[in-house]
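# A structural walkthrough
As a plain string of letters, each chain reads:
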Amino acid sequence: MGNRKDDKRIAVLASGGDSPGMNAALRAVVRAALWEHYQVFGIQNGYEGLLHNEIRELTSRDMGLIINQGGTMLGTARSAEFQTREGLEKAARILHEHRIDALCVVGGDGSFRGLMELSEFYKGQVVGIPGTIDNDIPGTEYTIGFDTAVQTAVEAIDKLRDTALSHGRLFFVEVMGRNSGQIALSVALASGAEDVIIPEERTDVEEFAQRLEAGRKKGKRFGIVVVAEGAPLPREVERARVLRAEAPDPNVKAAIAPEESPAFAWAEVMRPRIGMNIRVSVLGHIQRGGRPTSFDRVWGSRTGDAAIRFIKQGLTGVFTAMRGGHITPAYLFEATRGVRAVEPEMVQLVRKMGS
Ligand code: F6P
């Protein structure tokens, strides 16, 4: 551990899916730590890199020219080995060998779960900084990268709308978010979509078709439906999948192949039901990249700095949560309890505005 009481050695890593603004958080951790005269070490490639001893000391200059860059300058990874007891013990051993007093992890709920498990073997302080485009972590109103991802998707939809309008088409646009509808809801609202399909809601095929048909009858010639990647499939597609799994008979044909996305599935079942020309667009990983918005840079900087403040205060097992717009320490276990709920008003608002 550090030589003097105030002479800490801090390590930082990014874990899980990258998100725009993570670099601002890493930069802030490093510079705030140096401000306190701590030594800072960057771990490449997340927990996987930790297991491979990929640790190097960072200076303030290492953090230059990254605040405006997407991705993460330390790299990131998902590690299977880290999820084993042996992996956790090895990771703790490596941290102890490097005399690391505190570990900061920028990542999502899976990364926080890993951090909690690690702290059973690692004796130093652990602090999480929520960073994921999904904004799905319970206990915090915001995770770094969400604003940029939403902006990227909205810009893509603005382009899709041009061609939707020219051809009189209805686009089903699939956005990321894993099991959460947060991205889909904000994207739908900000892009003026007609409707949204999210994991938190069971969408009825016929009711949905009626809503779209009603819009068409009111004169809507084109439109956008935002579909979250984790949204449930239409019941008939789910049934077809079950049939196919139970009886892999070549005569039992489903409309949708199992590997296809909810946006394709919903487009497929709507085609025979509504009189509109339908197309599908899956935005995918494009939402994870690009220059972070100023909000993500500011929040990344503030939470990176707060992580060092929490360490200085002697806190451990906490993350930098946003509550009422302010930063506060919250226990890591809070972040690992399911998926942050969506606001029902948001769902209604999308439909009201898209009507
Ligand atoms: O958690 C961020 C996220 O981009 C999710 O929205 C998505 O489901 C997942 O990661 C994709 O993971 P991968 O990059 O491993 O394909």
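As a reminder, the structure under discussion sits directly above these lines.
These lines cover the structure that appears in this document, whether it is placed above or below. (Residues numbered from 1 in each chain as written. Predicted model: local features only at pLDDT ≥ 70, side-chain atom pairs only at ≥ 80, totals over all residues. Heavy atoms only, no water.)

Moving on, we come to the packing of helix α5 (residues 146-167) against helix α6 (residues 182-191). In a pair of packed helices, the angle between the axes and the distance between the axes together describe the arrangement. Look at α5 against α6: their axes get within 9 Å of each other, and the N-to-C directions meet at 45 degrees. Overall, the two elements α5 and α6 adopt an arrangement that is oblique. Remark: the crossing between α5 and α6 carries right-handed chirality. Note on element contacts: α6 touches α5 through Gln182, Ile183, Ser186, Val187, Ala190 and Ser191, opposite Phe146, Val150, Ala153, Val154, Ile157 and Arg161. Here the contact of α5 with α6 is built from residues that sort into eight nonpolar, three polar and one charged. (Axes fitted to C-alpha atoms, helices over the stretch in contact; angles between N-to-C directions. Helix = DSSP H or I, 4+ residues; strand = E, 2+ residues; numbered from the N terminus. Parallel < 35°, antiparallel > 145°, perpendicular 65-115°, else oblique. Left-handed = near helix turned anticlockwise from the far one by under 90°. Contact = heavy atoms within 4.5 Å. Nonpolar A, V, L, I, M, F, W, Y, C, P; charged D, E, K, R; others polar.)

Spatially, the four strands line up as an open sheet ordered β7-β8-β6-β9, and their pairing is parallel. The strands lining the two open edges of the sheet, one partner per strand, are β7 (195-197) and β9 (277-282). Neighbour-to-neighbour, the strand axes of this sheet turn through a mean angle of 20 degrees, independent of strand direction. Examined bridge by bridge, β7 and strand β8 (residues 223-228) share three bridges and lie parallel to one another. The partner of isoleucine 197 across the bridge, within β8, is valine 227. Seen against the sheet, α6 touches β6 (169-175), β7 and β8 and runs at an angle of roughly 165 degrees to β8. (Pairing = 2+ DSSP bridges.)

Next up on the list: the side chain of aspartate 136. If you trace the backbone, aspartate 136 turns up in the loop between β5 (125-130) and α5. Summary of buried charges: aspartate 136 has no salt-bridge partner, and the nearest side chain of opposite charge, arginine 178, is 5.3 Å away. Look past the residues within four positions of aspartate 136 in its chain and what remains in contact with it is Ser180, Gly338, Val339 and Arg340. (Buried < 20%, exposed > 50% of the residue type's maximum accessible area, 1.4 Å probe, protein only. Lys, Arg positive; Asp, Glu negative; His and termini not counted. Salt bridge = Lys/Arg side-chain N within 4 Å of Asp/Glu carboxyl O.)

Everything listed here is a matter of coordinates, which is why it stays silent on function.
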